[in-house]
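Topology and contacts: notes
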Amino acid sequence: MMNLYRQHIFPYLLDKVSRKLDADRQRILPYLRGDVLELGAGTGVNFSFYSQQINSLIALEPEPALLLMAAQQRSSLEAKQAGRFYLIQGDGHHLPLASNSLDVVLCCLVLCSVSDPQQALLEIYRVLKPGGTLVVFEHVRSEHVFTRACQQLVNPLWKPLACGCHLQRHTFQYIEEAGFTTDKLETYRHQALPALVGTVLEGVAFKPF
Ligand SMILES: C[S@@+](CC[C@H](N)C(=O)[O-])C[C@H]1O[C@@H](n2cnc3c(N)ncnc32)[C@H](O)[C@@H]1O
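Residues numbered from 1 in each chain as written. Predicted model: local features only at pLDDT ≥ 70, side-chain atom pairs only at ≥ 80, totals over all residues. Heavy atoms only, no water.

**Considerations on the UniProt feature "domain: Methyltransferase type" (unreviewed entry) in the protein**
- The UniProt entry lists residues 37-136 under the feature "domain: Methyltransferase type" (unreviewed entry), expressed in the numbering used here.
- Across residues 37-136, helical content stands at 27% and strand content at 32%; the span's end C-alpha atoms are separated by 12 Å. (UniProt positions renumbered as here; feature names shortened; annotations may be inferred. Helix = DSSP H or I, 4+ residues; strand = E, 2+ residues; numbered from the N terminus.)

Structure below.
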């Protein structure tokens, strides 16, 4: 039953819900350049927002059903752009990529879902070049006591329904602990999202030279 949900229902729901964030994707993605890794690319919902000026995109995703949708999404792009996009089935805790090889890593609503965000961030740090950029758009633990209590209450039910998504991640702290500079990261209340997932951490963090 859970397999049926994971393979057929969740990918469809994810695609529907994620489309609500198109304005955010439009604000963030067109400015990425160079060799980019998108961690947990899901259904490929971000693909159409990348500039033609990126050099390459590695879209890493562990779930076969989502990767299939990402492949369909890639095939809807112009051939030249599609040719720069590489889809990899893989796990963000053990990136199959060389150290110091990438200009940018995008984490868009994925550090909530990996089981060990600290390990994933160590891997991201490893694969980025010195001076490389981690681009973040993540929902995190609320700053308000009442919402935090609700997150705590709902989390055990939410996690299996949202395929591992965790409502109370301390993502800013994890990014800092991994060694990134964090002064260009901001936490705010996103008005288009429900309160449970409405505290968003957005911005860029750098791997020092
Ligand atoms: C909420 S979805 C976000 C999808 C997409 N990034 C977006 O912007 O809508 C979370 C994604 O993280 C992926 N994920 C979960 N665990 C992961 C891991 N260990 N490594 C990489 N991706 C993972 C999920 O399969 C899913 O595609």
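Picking up after the structure, the text goes on.
**Topic: helix α3 (residues 64-75)**
- Helix length check: α3 (12 residues) gives 17 Å between terminal C-alpha atoms against 16 Å at 1.5 Å per residue, within 8%.
- Regarding α3, the residues found buried are A65, L66, L67, A70 and Q73.
- Looking at the buried side of α3, the elements it contacts are α1 (2-18), β2 (54-61) and β3 (85-89). (Expected span 1.5 Å × (residues − 1). Buried < 20%, exposed > 50% of the residue type's maximum accessible area, 1.4 Å probe, protein only. Contact = heavy atoms within 4.5 Å.)

**Let's talk about the sheet that holds strand β4 (residues 102-108)**
- Within the open sheet, the seven strands sit side by side as β3-β2-β1-β4-β5-β7-β6. Their pairing is mixed. Strand pairing shows two members of the sheet lacking a second neighbour, β3 and β6 (185-189), which therefore form its edges. Direction aside, the axes of adjacent strands within the sheet are offset by 15 degrees on average.
- Bridge count for β4 against strand β5 (residues 128-139) is six bridges, and the pairing is parallel. Across the sheet, L106 pairs through a bridge with V135, a residue of β5. (Pairing = 2+ DSSP bridges. Axes fitted to C-alpha atoms, helices over the stretch in contact; angles between N-to-C directions.)

**A short note on unusual backbone geometry**
- Despite not being glycine, N100 shows a phi value in the positive range, around 55 degrees.
- You can call N100 partly exposed: its relative accessible area is 42%.

**Things to note about the site of the ligand**
- The local shell around the ligand holds 21 residues, among which R25, G40, E61, G92 and C108 are the closest.
- Between G92 and the ligand, the recorded distance is 2.8 Å, taken from a backbone N or O atom to a nitrogen atom.
- When the free accessible area of the ligand is taken as 590 Å², the share hidden by the protein chains comes to 90%. (Near = heavy atom within 4 Å. Polar contact = N/O pair within 3.5 Å; in protein donor to acceptor, adjacent residues only side chain to side chain. Areas by Shrake-Rupley, 256 points an atom, 1.4 Å probe, with all protein chains shown as cover.)

**A few points about the side chain of T171**
- Structurally, T171 can be placed in helix α7 (residues 171-177).
- Judged by relative accessible area, T171 falls into the buried class, the value being 2%.
- Those residues in contact with T171, other than ones at most four positions away along the chain, are L111, E138, V140 and L201.

**Some remarks on the nonpolar core**
- Counting residues in each nonpolar core, the largest one holds 27 residues, and the members touching the most others are L37, V105, L121, I124, L134, I175 and F180.
- Of all the secondary structure elements, the ones that give two or more residues to this core are β1 (34-39), β2, β4, α5 (117-127), β5, α7 and β7 (199-206).
- A per-element tally of this core places α5 first, with four residues.
- I54, A70, V135 and V197 belong to the second-largest nonpolar core, a separate cluster that totals 25 residues. (Core = buried A, V, L, I, M, F, W, Y, C linked by side-chain atoms within 4.5 Å.)

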